[in-house]
Amino acid sequence: MRTLTPLRTVSDADTPRLLTERLTVRVAQPSDVGAIVRYVTANAAFLQPWEPLRPAAYFTAEYWRAQVARDVEDSARDRGVRFFLFDRASHGAEVVGVATFGNVVRGAAQYCTLGYALSEAVQGRGLMCEALEHAAIPYVFNRLRLHRIHATYIPRNERSGGLLRRLGFVVEGYARDYLLINGVWEDHILTALANPYWSARQE
Ligand SMILES: CC(C)(COP(=O)(O)OP(=O)(O)OC[C@H]1O[C@@H](n2cnc3c(N)ncnc32)[C@H](O)[C@@H]1OP(=O)(O)O)[C@@H](O)C(=O)NCCC(=O)NCCS
């Protein structure tokens, strides 16, 4: 893994907005709902094998208006961060992926859980690696000062395993019937990335 430094931090507010070479990586605003619905709808079939079953409501603006409001609240309250990846080539109009850091546990733990997905149209261009390595992970380690990021993948999901390896995630275990994915309890490989430069937040 190369450097863990974001290229530029545009805002220091509770809802982070980060730039990499090809992406804007940020928490969504209400005005993004249309782009999010286009992204989840266009990629519904592609993502289905790797995600929980989605109710019909998941593909509606109403659902995402409420979810975006919850995301802003979660980010402000230190419960997690859902970063959407916006393509800078489209002047930030199109969502091309999402990386969610959830299940934040503080106290002696200081860890969270990472999940991610990219639009089918932009696979294999290094975009998720770019978003995580140059923006999202530095934010989680340097700004949120979490100590570990956990990520899991289904053994047959080679692209996901490859991404985590490139980022330096280390395999820590194997969990049988771990998550209900596409209606089936799937085994997962457990991985984690620790922050070697961790120091406590100023409260
Ligand atoms: C998992 C997922 C995000 C990985 O996407 P990805 O595009 O392979 O991820 P990366 O950003 O790491 O890109 C790496 C690929 O881009 C290629 N690449 C092209 N240009 C590149 C560049 N400038 N920099 C780095 N890699 C580049 C790499 O060679 C590699 O391709 P390869 O695997 O065919 O060798 C994606 O496959 C996905 O959304 N899958 C469905 C949802 C899912 O599985 N989520 C995870 C559940 S655990």
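Please read these numbers as outputs of a predicted model, since none were measured by experiment.

1. Some words on the site of the ligand
Tyr116, Leu118, Gln123, Asn157 and Arg166 are the nearest of the 20 residues found near the ligand. Here Arg166 contributes a side-chain N or O atom positioned 2.8 Å from an oxygen atom of the ligand. Protein chains shield 70% of the accessible area of the ligand, which is 950 Å² for the free molecule. For the shell around the ligand, the secondary-structure elements that each account for two or more residues are β6 (111–118), α4 (127–143), β7 (148–153) and α5 (158–167). Among the elements that make up the shell around the ligand, the one with the highest residue count is α5 (four residues). Its residues assigned to classes, the shell around the ligand comprises 10 nonpolar, six polar and four charged.

2. With respect to the pattern of salt bridges
Scanning all chains against the criterion turns up 12 salt bridges. Note that Glu94 and Arg38 form a salt bridge whose closest N and O atoms lie 3.2 Å from each other. Taken together, the residues span a long stretch of sequence, with Glu94 in the loop between β4 (81–87) and β5 (95–105) and Arg38 in helix α1 (residues 33–42) at a distance of 56 residues. Assessed through its relative accessible area of 32%, Glu94 is described here as partly exposed. Of the residues examined, Arg38 reaches a relative accessible area of 45% and is grouped as partly exposed.

3. Structural notes on the pairing of β7
Across the two faces of β7 the burial differs, with Ile149, Ala151 and Tyr153 buried and Arg148, His150 and Thr152 not buried at all. In the sheet, β6 pairs with β7 via four bridges, with the strands oriented parallel. Among the inter-strand pairings, Cys112 is bridged to a residue of β7, identified as Ile149. Following the backbone out of β6, through α4 and into the adjacent parallel β7, one traces a crossover that is right-handed.

4. Thoughts on the state of the cysteines
Put plainly, two cysteines are in a disulfide when a covalent bond ties their sulfur atoms together. Tallied over the full model, the rule gives zero disulfides. Among the cysteines around Cys112, which has no disulfide bond, Cys129 carries the closest sulfur, lying 17 Å off. Judged by its relative accessible area of 15%, Cys129 is buried.

5. A word on the packing of aromatic side chains
For any two aromatic rings, the description comes down to two numbers: the centre-to-centre distance and the angle of the planes. Throughout the structure, instances matching the rule amount to seven aromatic pairs. Seen from their ring centres, Tyr63 and Trp64 are 5.2 Å apart, and the 70° between their planes marks the pair as edge-to-face. Taking relative accessible area as the criterion, Tyr63 reaches 25% and is therefore assigned partly exposed. Ring plane angle 90° and centroid distance 5.7 Å describe the contact between Phe83 and Tyr139, whose orientation is recorded as edge-to-face.

6. Quick word on the packing of α1 against helix α3 (residues 61–76)
For any two helices packed against each other, one specifies the crossing angle of their axes together with the interaxial distance. At their nearest, the axes of α1 and α3 sit 9 Å apart, and the two run at 120° to each other. By the angle between their directions, the pair α1 and α3 is classed as oblique. The way α1 lies across α3 gives a crossing that is right-handed. Contacts between α1 and α3 involve Val33, Ile36, Val37 and Val40 on the former and, on the latter, Ala61, Trp64, Arg65 and Val68. Considered class by class, the residues forming the contact of α1 with α3 number seven nonpolar, no polar and one charged.

Reading the values: rules and limits
Residues numbered from 1 in each chain as written. Predicted model: local features only at pLDDT ≥ 70, side-chain atom pairs only at ≥ 80, totals over all residues. Heavy atoms only, no water. Near = heavy atom within 4 Å. Polar contact = N/O pair within 3.5 Å; in protein donor to acceptor, adjacent residues only side chain to side chain. Areas by Shrake-Rupley, 256 points an atom, 1.4 Å probe, with all protein chains shown as cover. Helix = DSSP H or I, 4+ residues; strand = E, 2+ residues; numbered from the N terminus. Nonpolar A, V, L, I, M, F, W, Y, C, P; charged D, E, K, R; others polar. Salt bridge = Lys/Arg side-chain N within 4 Å of Asp/Glu carboxyl O. Buried < 20%, exposed > 50% of the residue type's maximum accessible area, 1.4 Å probe, protein only. Pairing = 2+ DSSP bridges. Right-handed = clockwise from strand over helix to strand, strands pointing away. Disulfide = S-S within 2.5 Å. Phe/Tyr/Trp six-rings, centres within 6.5 Å; stacked < 30°, edge-to-face > 60°. Axes fitted to C-alpha atoms, helices over the stretch in contact; angles between N-to-C directions. Parallel < 35°, antiparallel > 145°, perpendicular 65-115°, else oblique. Left-handed = near helix turned anticlockwise from the far one by under 90°. Contact = heavy atoms within 4.5 Å.

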